[in-house]
Amino acid sequence: MWIRSLVLGFAVLLGLGDVTRADTLPSVFSKAHPENLQDLKEIQKHVQELVKKLAPATVGLQIGSASGSGVIIDSDGHILTAGHVSGKPDSAVTIILQDGRKLKGKSLGANQGIDSGMVLITDKGDFKGELPYIDMAVSADLKKGQWVLALGHPGGYHPGRSPVLRVGRLLTTGKFVLRTDCTLVGGDSGGPLFDMNGKVIGIHSRIGPSISENMHVPVDTYRETWDRLVSGESWGPNIFGTKTVKSGYLGIRLDPLAKGAKISEVTPKSPADSGGLVAGDLIISIDGKNIANETDLKDFLGRKNAGVQIALRIQREAETLTIKITLGKRP
């Protein structure tokens, strides 16, 4: 714990220097954990060098009374953010740079099903020169346990405060969601997640069971839907919207570190509790549909109403069981 605390403490310091090339990454980033003071110093130096380049491209976004974060990813002024931050297409957006200068923009499209969104800078005002921007990596190449760096504006943009930095690890990877232990709070939504080469790998979406278990949208999904986002299309079931809130309630929490959809907690007096599910159960399928992770589970439940009976096929130690449960109303 003391090592991780020191790492996080070092990480908030901003320094000078050019971003380290991929082929010269400090050896500490290939280790399971820092082993000594020299390792901590290498992390500190590298993070300081990265922040000089990454922070200017990490912006605050204001859309009406709501605020969030984003990252500029090209010289044309395209900004990646979360779908619940960009909101309705063609809405007016105020983009706030690190030094407080404000640019005008508009929201583009959003895939509400995975929470990806895009904003475009339309008027740079008195800003001169090329916009700061950061290239995207290939999120399909990411590995569990890889070091990552999160930036954002928790609580909204604060004058005189640089984007807040958190260092952590990838807990899980996937096509539609990444999970990290980087501590995030409200206002960070839409902000960038970087690899240690200084490239964008994901966008902050939502907080998991705790503020240190968070979900991010992989950047590959933005590439795959680029034309739809740029054209202002909005599609997909809203993971934060009415459909999710009114969907059937099961009452379980999955283990983000486990392989598959393993239950880590069952809410007392919930349908899951009454139906006999227990922590440690591994969900294989529901009504014949394979359930591999939390995204699959939420997608399934989002399409079911309260009062509907479902059949869960689970593995409990050496047994394979089928349990029927009637979904309840979400508290």
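Given the structure is predicted, the values throughout are model-derived calculations rather than measurements.

**Q** I tried to follow the overall build of the protein chain on my own but got confused; where do I start?
**A** Per the secondary structure count, the protein chain includes eight helices and 21 strands. Across the 331 residues of the protein chain, 48% fall into the buried class. Within the protein chain, contacts between residues separated by at least 24 positions form 60% of all contacts whose residues are at least 6 apart in sequence. Counting every atom, the protein chain has about 15500 Å² of accessible surface; 51% of that belongs to carbon and sulfur.

**Q** I tried to follow helix H2 (residues 37-54) on my own but got confused; where do I start?
**A** Along an α-helix, residues three or four apart share an orientation, since each turn contains 3.6 residues. Over its 18 residues, H2 runs 25 Å from end to end, which matches the ideal 26 Å to within 8%, given 1.5 Å per residue. The set of residues buried in H2 consists of Asp 39, Leu 40, Ile 43, Gln 44, His 46, Val 47, Gln 48, Glu 49, Leu 50, Val 51 and Leu 54. Of the residues that open H2, the one with a side-chain oxygen 3.2 Å from the backbone nitrogen of Gln 38 is Asn 36.

**Q** Can you help me understand the confidence of the model for the protein chain in this one?
**A** Atom-level detail of predicted coordinates should not be read off regions where pLDDT is low. Looking at the protein chain as a whole, the pLDDT averages 87, with 89% of positions reaching at least 70. Taken together, the stretch residues 1-22 has pLDDT below 50 and engages in 39 contacts with residues farther than four places along the chain or on a different chain.

**Q** How should I be thinking about the pairing of strand S5 (residues 102-111) in this particular structure?
**A** Put simply, side chains in a regular strand alternate between the two faces of the sheet. Of all ten residues in S5, seven are buried; the element is thus mostly enclosed. One ladder, built from five bridges, connects strand S4 (residues 92-96) with S5; its direction is antiparallel. In the strand pairing of S5, Ile 95 is matched with Leu 103. With antiparallel pairing between neighbouring strands as the criterion, S4 and S5 make up a hairpin whose turn holds five residues, including Gly 100 at a positive phi of roughly 95 degrees. Judged from the six bridges that link them, S5 and strand S6 (residues 116-123) form a sheet pairing that is antiparallel. Residue pairing for S6: Ala 110 is matched across the bridge by Gly 117. Connecting S5 to the antiparallel partner S6 that follows it, the hairpin turn spans four residues, and Asp 115 within it adopts a positive phi of roughly 75 degrees. Where S5 lies against strand S13 (residues 234-235), two bridges are found, and the strand directions are parallel. Its bridge partner lying in S13, Asn 111 is registered against Trp 235.

**Q** What is the right way to read the environment of Pro 192 from this model?
**A** Note on placement: Pro 192 falls in strand S10 (residues 192-195). According to the relative accessible area criterion, Pro 192 is buried, its value standing at 0%. Sequence spacing of Pro 192 and Leu 54 is 138 residues, and the spatial spacing of their C-alpha atoms is 9.3 Å. Every residue in contact with Pro 192, bar those within four places of it in the chain, is listed here: Thr 58, Gly 70, Val 71, Leu 149, Ala 150, Leu 151, Val 200, Gly 202, Ile 203 and His 204.

**Q** Would you mind showing me how to read the nonpolar core here?
**A** Nonpolar side chains in soluble globular proteins tend to be buried together. Grouped together as the largest cluster of nonpolar side chains are 32 residues, with contacts concentrated most on Val 71, Leu 80, Leu 149, Phe 194 and Val 200. For this core, the elements supplying multiple residues, two or more each, are H2, S6, strand S7 (147-152), strand S8 (164-172) and strand S11 (200-207). In terms of residues, this core owes the most to one element, H2, which gives five residues. Those residues within four positions of Val 200 in sequence are excluded, and the remaining contacts are Val 71, Ile 73, Ile 134, Asp 135, Met 136, Ala 137, Pro 192, Leu 193, Phe 194 and Val 219.

**Q** Explanation requested: the packing of aromatic side chains in the structure shown.
**A** The description of two aromatic rings rests on the distance between their centres and on the angle between their planes. Counting across every chain of the model gives one aromatic pair. In this structure, Arg 228 packs its charged tip against the face of Trp 235, placed 3.9 Å from the ring centre.

**Q** Before we go on, may I ask you to explain the sheet that holds S7 in this structure?
**A** By definition, the strands of a sheet pair up through backbone hydrogen bonds, in either a parallel or an antiparallel sense. Taking strand neighbours around the barrel as the criterion, the six strands line up as S7-S8-S9-S12-S11-S10 in a closed arrangement whose pairing is antiparallel. Each strand axis lies, on average, 45 degrees off the axis of its neighbour in the sheet, ignoring direction. Taken together, the three bridges between S10 and S11 define a ladder with antiparallel strand orientation. Bridging across to S11, Phe 194 finds its partner in Val 200.

**Q** How do you make sense of the pairing of S10 when you look at a structure like this?
**A** Burial along S10 is two-sided: the face carrying Pro 192 and Phe 194 and the face carrying Leu 193 and Asp 195 are both buried. Taken together, the three bridges between S7 and S10 define a ladder with antiparallel strand orientation. Residue pairing in the sheet places Ala 150 in a bridge with Leu 193 of S10. Once S10 ends, the chain turns through four residues before running back antiparallel as S11, passing Gly 198 with a positive phi of about 85 degrees.

**Q** Looking at this model, I keep getting lost on helix H8 (residues 294-301). Mind explaining?
**A** By the burial criterion, the buried members of H8 are Leu 297, Phe 300 and Leu 301. Each buried residue of H8 sits inside an arc of 90 degrees when the element is viewed along its axis, so together they form one side. Turning to H8, the residues buried within the fold contact strand S14 (248-249), strand S15 (252-254), strand S17 (282-286), strand S18 (289-290) and strand S19 (309-316). Between a side-chain oxygen at the N-terminus of H8 and the backbone nitrogen of Asp 296 the separation is 2.9 Å; the capping residue is Asn 293.

Rules and cut-offs
- All residue numbers here refer to positions counted from 1 along the written sequence of the relevant chain.
- Only residues with pLDDT of at least 70 are given local features in this predicted model, and only at 80 or more are side-chain atom pairs given and counted; all residues enter the totals for whole chains, interfaces and linings.
- Side-chain descriptors were evaluated using all non-hydrogen atoms of the structure, hydrogens and water having been removed beforehand.
- Only DSSP runs of H or I reaching four residues or more are called helices, and only runs of E reaching two or more are called strands; each is numbered from the N terminus.
- For each residue, the accessible area found with a 1.4 Å probe, counting protein chains only, is set against the maximum for its type, and the residue is called buried under 20%, exposed over 50%, and partly exposed in between.
- Here, two residues are considered to be in contact whenever any of their heavy atoms come within 4.5 Å of each other.
- The protein chains shown are the only cover counted for residues, whose accessible areas, like all others here, come from Shrake-Rupley with a 1.4 Å probe.
- Expected helix span is computed as 1.5 Å times (number of residues minus one).
- For the purposes of these results, a polar contact is taken to be a pair of N or O atoms within 3.5 Å, where, inside protein, one atom must be able to donate a hydrogen and its partner to accept one; residues adjacent in sequence count only when each atom of the pair is a side-chain atom.
- The predictor attaches a confidence to each residue, called pLDDT, with possible values from 0 through 100.
- Strands are labelled as partners when DSSP assigns at least two bridges between them.
- Here, the term nonpolar core denotes a set of buried Ala, Val, Leu, Ile, Met, Phe, Trp, Tyr and Cys residues that are joined through side-chain atoms within 4.5 Å.
- The criterion for an aromatic pair is that two Phe, Tyr or Trp rings (for Trp, the six-membered ring) have centres within 6.5 Å, with stacked assigned to planes under 30 degrees apart, edge-to-face to planes over 60 apart and tilted to the rest.
- Placement of a charge over a ring requires the Lys NZ or Arg CZ to be within 6 Å of the ring centre, with the centre-to-atom vector within 35 degrees of the ring normal.
- Between the N-to-C directions of two axes lies an angle of 0 to 180 degrees, each axis being a line fitted to C-alpha atoms and, for a helix, fitted only over the stretch in contact.
- Of all possible arcs, the one meant is that of the directions from the helix axis to the C-beta atoms.

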